[in-house]
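# A look at the structure
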Amino acid sequence: MTENRGEIAEAGGRRWALARYVFAATLVRSADGGAVVAIVLLAHSTGQPGWASGMLGAAITAPHLLGPFIARRLDTAADGRRVIAVSALAHGLLLGGAALLMPVAWVGLSAVVIFISGLFGPMLTGGVSSRLPSIAGPSQKSQRRAQSWDVASYGLSGTLGPAVVAAVAGAFSALAAALMLAAAALIGAGAVLALPRKASVVEAAAVPSPLRTLHTIWTSGPLRRTLSLTVVVAFSVAVLPIYAVAIAPTFGSPALAGTLVAGYGVGNLAGSALLMVKPLRGDADRLTMGLAAIVAITLVIVIPMSNFIMTVGAFTLAGIANAFFFAATLAARSEYAPVEARGQVFIWVGALKIAAGSAGTAVAGSLIDDGAWAPVAAVAALSAVAAGASVIGRMRRPK
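Residues numbered from 1 in each chain as written. Predicted model: local features only at pLDDT ≥ 70, side-chain atom pairs only at ≥ 80, totals over all residues. Heavy atoms only, no water.

Here we take up the layout of surface pockets. Looking at the largest pocket, its volume works out to about 1,800 Å³. Together, 46 residues line the largest pocket, and Gly33, Gly158, Pro162, Pro241 and Tyr264 are the ones closest to its centre. Per-element accounting of the lining of the largest pocket gives the leading share, 9 residues, to helix H10 (residues 140–171). In terms of residue class, the lining of the largest pocket is built from 23 nonpolar, 19 polar and 4 charged. Here the second largest pocket is characterised by a volume of approximately 220 Å³. Taken together, 10 residues make up the lining of the second largest pocket; nearest its centre are Arg14, Arg15, Leu18, Ala136 and Ser142. (1 Å grid on protein atoms, 1.4 Å probe; cavity = no way out; pocket = protein on both sides within 12 Å on 5 of 7 lines; lining within 4 Å. Points joined across faces, edges and corners; volume = space filled by probe spheres on them. Helix = DSSP H or I, 4+ residues; strand = E, 2+ residues; numbered from the N terminus. Nonpolar A, V, L, I, M, F, W, Y, C, P; charged D, E, K, R; others polar.)

Okay, here's the thing in structure tokens:
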């Protein structure tokens, strides 16, 4: 009886720790994910030219590629929570400072400050996710269910975050929206410190350099396939917002593009909710490959839809498939990453995913004039080929 009570108490402690994790992760990721919308809105409201808005938006996302080169500290620190909390604190202060500077100073100064804040973005995405395995519990089922909550955190911050920013900007001002995000990052920093402490299990000298970690990813079959498919799928689904803008007028109003994109976001959240009820089971490597192929199928389904309701449904289905795929990649990163470089593996994959998404948006914009369906068909084929190549690669060299 005493043993059962101890197990119940331990399970309750893990659930409470997971709830704190979701709260902290959603706050800091909202500050990162909503920053582009807030800063671009602020640039418009202060009369900045269009090129300046684009420069400011790029200044937030581009530094994510440099994130892996400062991520080693996460694996060498005695307490990784402090590294993430300091990153959230720096991101929030710099974002708020850039927002306050923009109406009164040269826009280039704000861009520099925003660029520096963007360097801390990967710590708030992949860096936070690297803390989850130690919180979730030892069983595969508990790990997979916790990863479903992590997917939900990304979905909430990526979907609702920008929507809340737009609402605050409309009701008050773009500056208020930017400062709200900065405050979310500061509160999130405190919430990160409230997470359970994970004791370091490796000596700092054993932690590899960023480039050595990338080499480790590439020489490990499961991690290489996870990275490759994550990049390809991120590139592919980034086409959907551009496609939505292109086809919305055929349904009666360009504003309906927002509904289509929202349908995709709802799909992501619905997918994560389904995974909470029934977590993924089986080998993470196989799951990643199979679900990448399913994402490709859902992208193909989007193309022939001519009815608005059916098109929203197709976007929602693509969102569900992407949520399942994302959960599989989180499982693969967690299960195949070497313990001495787990934080760096999470951040490398996350940083390259964001870069691929930006590239996908840019490429879709350049191809859309050749026919709205063309970019979607191209990325669907790309995802299918990548999934097939991964299956063949695993058959030839599984490890």
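Turning to the packing of aromatic side chains, a few remarks are in order. Going through the model one piece at a time under the given rule, you end up with 4 aromatic pairs. Residue placement shows Arg29 over the ring face of Tyr154; its charged tip is 3.8 Å from the ring centre. (Phe/Tyr/Trp six-rings, centres within 6.5 Å; stacked < 30°, edge-to-face > 60°. Lys NZ or Arg CZ within 6 Å of the ring centre and 35° of its normal.)

So, on to the environment of Glu335. Relative to the helices and strands, Glu335 resides in helix H17 (residues 308–336). Counting along the chain gives 202 residues from Glu335 to Pro133, while the straight-line C-alpha distance between them is 9.0 Å. Not counting the four nearest positions on each side in its chain, Glu335 is found in contact with Gln140, Arg144 and Ala284. A distance of 3.0 Å separates a polar atom in the side chain of Glu335 from a polar atom in the side chain of Arg144. (Contact = heavy atoms within 4.5 Å. Polar contact = N/O pair within 3.5 Å; in protein donor to acceptor, adjacent residues only side chain to side chain.)

Attention now moves to a nonpolar patch on the surface. A surface patch of nonpolar side chains, amounting to about 530 Å² of accessible area, comprises Leu66, Phe69, Val112, Phe115, Ile116 and Leu211. Among the elements that line the nonpolar patch, the one with the most residues is helix H6 (residues 107–118), at 3 residues. On the secondary structure map, Ile116 appears in helix H6. Owing to a relative accessible area of 37%, Ile116 belongs among the partly exposed residues under this scheme. (Patch = residues over 30% accessible without salt bridge, like charges linked within 9 Å, V, L, I, M, F, W, Y side chains within 5 Å. Areas by Shrake-Rupley, 256 points an atom, 1.4 Å probe, with all protein chains shown as cover. Salt bridge = Lys/Arg side-chain N within 4 Å of Asp/Glu carboxyl O. Buried < 20%, exposed > 50% of the residue type's maximum accessible area, 1.4 Å probe, protein only.)

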